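# Overview (structure and organization)
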Amino acid sequence: MIDPQTQSSTLIIPAVHEVPQHIAMIMDGNGRWANARHLPRVVGHERGVAALRQVVEACMRRGVRYLTVFAFSSENWRRPEDEVSFLMGLFIKALEREVRDLKANGVRLRVIGDLSAFSKRLRDTISRAEQATAENEQFYLTVAANYGGRWDILQATRKMLDQHPELAAPGRPIPEELLSPHLSMNFAPEPDLFIRTGGEERISNFLLWQLAYTEFYFTDCFWPEFDDVQLGLAIASYQQRERRFGRTSAQVAQQCSVPVS
Ligand code: IPE
Ligand code: IPE
Ligand code: MG
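Now for a quick tour of the structure.

Surveying the vicinity of ligand 1 reveals the residues Met 27, Asp 28, Gly 29, Asn 30, Gly 31, Arg 32, Arg 41, His 45, Ala 71, Asn 76, Arg 79 and Leu 87. Contacts to ligand 1 include Asn 30, whose backbone N or O atom sits 3.1 Å from an oxygen atom. Arg 79 is positioned such that a nitrogen or oxygen atom in its side chain is 2.7 Å from an oxygen atom of ligand 1. Computed on the free molecule, ligand 1 has an accessible area of 380 Å², of which 87% lies beneath the protein chains in the complex. The leading source of residues in the shell around ligand 1 is helix α2 (residues 30-36), at 3 residues. Counted by class, the shell around ligand 1 contains 3 nonpolar, 5 polar and 4 charged residues.

Looking at the element boundaries, Asn 136 is found in the loop between α5 (120-132) and β4 (139-147). Accessibility expressed as a relative area gives 15% for Asn 136, which makes it buried. A distance of 2.9 Å separates a polar atom in the side chain of Asn 136 from the backbone oxygen of Val 107. Setting aside its immediate chain neighbours within four residues, Asn 136 contacts Leu 102, Lys 103, Gly 106, Val 107 and Arg 108.

A separate point is the nonpolar core. Residues Ile 23, Met 25, Leu 67, Leu 141, Ile 195 and Leu 231 are the most contacted members of the largest nonpolar core, which totals 42 residues. The element that contributes the greatest number of residues to this core is helix α4 (residues 81-104), accounting for 7 residues. For Leu 141, the contacting residues outside a window of four places in its chain are Val 56, Leu 67, Leu 102, Val 107, Arg 108, Leu 109 and Arg 110. Ala 24, Ile 26, Tyr 140 and Phe 206 belong to the second largest nonpolar core, which has 15 residues in total.

To continue, consider the pattern of salt bridges. Across all of its chains, the model carries 19 salt bridges by this definition. One salt bridge connects Arg 202 with Glu 200, and the closest N-O pair in it is separated by 3.6 Å. Given a relative accessible area of 25%, Glu 200 falls into the partly exposed group. Residue Arg 241 pairs with Glu 215 through a salt bridge whose shortest N-O separation is 3.3 Å.

What follows deals with the site of ligand 2. Ile 26, Met 27, Asp 28, Phe 70, Ala 71, Phe 72, Asn 76, Arg 79, Arg 196, Arg 202 and Ser 204 make up every residue found near ligand 2. Asp 28 has a polar side-chain atom sitting 3.2 Å from an oxygen atom of ligand 2. Take Arg 79: an N or O atom from its side chain is 3.3 Å from an oxygen atom of ligand 2. Here the shell around ligand 2 gets 3 residues from one element, more than from any other, and that element is strand β2 (residues 66-73).

A word on the packing of α4 against α5. At a minimum axis distance of 10 Å, the contact between α4 and α5 shows a crossing angle of 15 degrees. In terms of orientation, α4 and α5 fall into the roughly parallel class. Considering only the axes of α4 and α5, their crossing is left-handed. From α4, Met 88, Phe 91, Ile 92, Leu 95, Glu 96, Val 99 and Lys 103 reach across to α5, where they touch Arg 121, Leu 122, Thr 125, Ile 126, Arg 128, Ala 129 and Ala 132. Taken together, the residues that form the contact of α4 with α5 break down as 9 nonpolar, 1 polar and 4 charged.

Here we take up the sheet that holds strand β3 (residues 107-112). One open sheet accounts for 6 strands, arranged β3-β4-β2-β1-β5-β6; its pairing is parallel. A single partner strand is all that each edge strand has here, and the edge strands are β3 and β6 (215-218). Strand-to-strand, the axes of this sheet are offset by a mean angle of 20 degrees, without reference to chain direction. Two elements, strand β1 (residues 22-26) and strand β5 (residues 193-196), share 4 bridges in a ladder whose sense is parallel. Within β5, the residue paired with Ile 23 across the bridge is Leu 193. Helix-sheet contacts for helix α3 (residues 41-62) involve β1, β2, β3 and β4, and the interaxial angle to β2 is about 160 degrees.

How each quantity is defined
Residues numbered from 1 in each chain as written. Chains lettered and ligands numbered in written order. Predicted model: local features only at pLDDT ≥ 70, side-chain atom pairs only at ≥ 80, totals over all residues. Heavy atoms only, no water. Near = heavy atom within 4 Å. Polar contact = N/O pair within 3.5 Å; in protein donor to acceptor, adjacent residues only side chain to side chain. Areas by Shrake-Rupley, 256 points an atom, 1.4 Å probe, with all protein chains shown as cover. Helix = DSSP H or I, 4+ residues; strand = E, 2+ residues; numbered from the N terminus. Nonpolar A, V, L, I, M, F, W, Y, C, P; charged D, E, K, R; others polar. Buried < 20%, exposed > 50% of the residue type's maximum accessible area, 1.4 Å probe, protein only. Contact = heavy atoms within 4.5 Å. Core = buried A, V, L, I, M, F, W, Y, C linked by side-chain atoms within 4.5 Å. Salt bridge = Lys/Arg side-chain N within 4 Å of Asp/Glu carboxyl O. Axes fitted to C-alpha atoms, helices over the stretch in contact; angles between N-to-C directions. Parallel < 35°, antiparallel > 145°, perpendicular 65-115°, else oblique. Left-handed = near helix turned anticlockwise from the far one by under 90°. Pairing = 2+ DSSP bridges.

In structure tokens:
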């Protein structure tokens, strides 16, 4: 687990690397990619899995350590039943097909979200894939499924209060470092770069807490067409940003590390 005292962007000023160490991605635009080709939406989802495979490899080659992708939001249950059930089936197939290569390539896979809503078959497949890759530490691939940023903050709050009932006393301040260990991403530094494909410029209830100081990048490219070249453009844009974390440009230039109080 990450120590919030040494990693949180609101408690300290995090180290900034030339290559983002953690990228969070909303893989959006599968349906519109398919529609534009007069194909069923689900073909877009299938192509989306192939794109993810390539993007994982591209991230590893470029020196990224953590990739966290949004695969299914807590609001995606609102979609037509046949699309939802296709996505569930695709998730099982993709996990079964990819687990061997993930394991061989040093990738640790985690799935975050409220998994209790999934079928037993899907939950078992997820837990087998997580166990098979649990020893890996070269690259951390996290798939958010039935995930919602609000759900995450609320479930973490519940766990924190179960562990520290005294915090429920009226007026008692809640230190950030007592909440963050219970969030789903407690094992990772906060994302440096957030990428959303498909042209929409919104968070759609993704990592609300963790994106506090993340750099945002939006592209019209539909997810099935996102590749190493597109990733390079996003990283190049990130490298132009000045990450101030509340300080002035002059302070950043002097590498001034004012402790946050
Ligand atoms: C993202 O693509 C994949 C999921 C949400 C599962 P979409 O299915 O949202 O594609 P568009 O946005 O309708 O084009
Ligand atoms: C966000 O995409 C969720 C995923 C990519 C899994 P959506 O397509 O569901 O988001 P909205 O509804 O356009 O905000
Ligand atoms: Mg969409």
